[in-house]
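Chain residues, written in single-letter form:
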Amino acid sequence: MAIRGEFGLAYQIFKDYDNKTGYVFVPTLSVESRWYYNRKKRIEKTKRIDNNAGNYLALQTRYIPDWFVISNYDVGNVIPDIAIIPTWGLRRSIGRHFNFEFSVGLGYRYVFAKSAGFAKNEGKADFNLGLRFGYHFLKK
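Residues numbered from 1 in each chain as written. Predicted model: local features only at pLDDT ≥ 70, side-chain atom pairs only at ≥ 80, totals over all residues. Heavy atoms only, no water.

## Re the overall build of the protein
Phase 1 of the analysis: When helices and strands are tallied, the protein shows one helix and seven strands.
Phase 2 of the analysis: If you list the helices and strands of the protein from N to C, you get β-β-α-β-β-β-β-β.
Phase 3 of the analysis: For 140 residues, the compact-globule estimate of 2.2 N^0.38 gives 14 Å, and the C-alpha radius of gyration of the protein, at 18 Å, exceeds that figure by more than 25%.
Phase 4 of the analysis: C-alpha atoms of the protein, sized along the principal axes, occupy 55 × 30 × 25 Å.
Phase 5 of the analysis: Within the protein, the proportion of its 140 residues that are buried is 31%. (Helix = DSSP H or I, 4+ residues; strand = E, 2+ residues; numbered from the N terminus. Rg over C-alpha atoms; globule rule 2.2 N^0.38 Å. Buried < 20%, exposed > 50% of the residue type's maximum accessible area, 1.4 Å probe, protein only.)

This is how it looks when you write it as structure tokens:
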């Protein structure tokens, strides 16, 4: 088991009515519990398990607050939401310092639309697709 916490910026690219490209960056907070289910098999096959290399099942909880927006357009405020997404993923070590991670999941997102003046909040399905490359500064 592993627990991962993360603060980051989510982005979105869009086209406006004049067909000009816009972008938006908003802060995100997430906590994810991971269960690496194939560690024993990887060890038996002498595959790497350093830096949590292996396949995993996770439960990701992500919150997008209305703190700030970075954009090339005036897009107004962020509508806060929270999502809980069961996820399957794999993580692999590449060389001595790099790692690669891929994840996919489908879950539930609750949007606090009333805080932005809408009549009601709403819940909907949320799809998560992740592709990450990382670098380890410290090595044993």
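Further notes follow.
## Side note on the pairing of strand E2 (residues 21-36)
Phase 1 of the analysis: Here strand E1 (residues 2-15) pairs with E2 via 14 bridges, running antiparallel. Note that in E2 the partner of alanine 2 across the bridge is arginine 34.
Phase 2 of the analysis: The antiparallel pairing of E1 with E2 creates a hairpin that spans five residues between the two strands, and asparagine 19 there sits at a positive phi of about 65 degrees.
Phase 3 of the analysis: Sheet topology places E2 next to strand E4 (residues 70-71); two bridges connect them, and they run antiparallel. Bridging across to E4, phenylalanine 25 finds its partner in isoleucine 70.
Phase 4 of the analysis: Pairing analysis gives eight bridges linking E2 to strand E3 (residues 54-64), with the strands arranged antiparallel. Across the sheet, the residue bridging to valine 31 is threonine 61, located in E3. (Pairing = 2+ DSSP bridges.)

## Digging into the side chain of arginine 62
Phase 1 of the analysis: By secondary structure assignment, the location of arginine 62 is in strand E3.
Phase 2 of the analysis: With a relative accessible area of 16%, arginine 62 lands in the buried category.
Phase 3 of the analysis: Polar side-chain contacts of arginine 62 include one of 2.6 Å to the side chain of aspartate 126.
Phase 4 of the analysis: Apart from the residues within four sequence positions on either side, arginine 62 is in contact with Leu29, Ser30, Asp81, Ile82, Ala83, Ile85, Arg109 and Asp126. (Polar contact = N/O pair within 3.5 Å; in protein donor to acceptor, adjacent residues only side chain to side chain. Contact = heavy atoms within 4.5 Å.)

Don't take any of this as a statement about function, it's just geometry.
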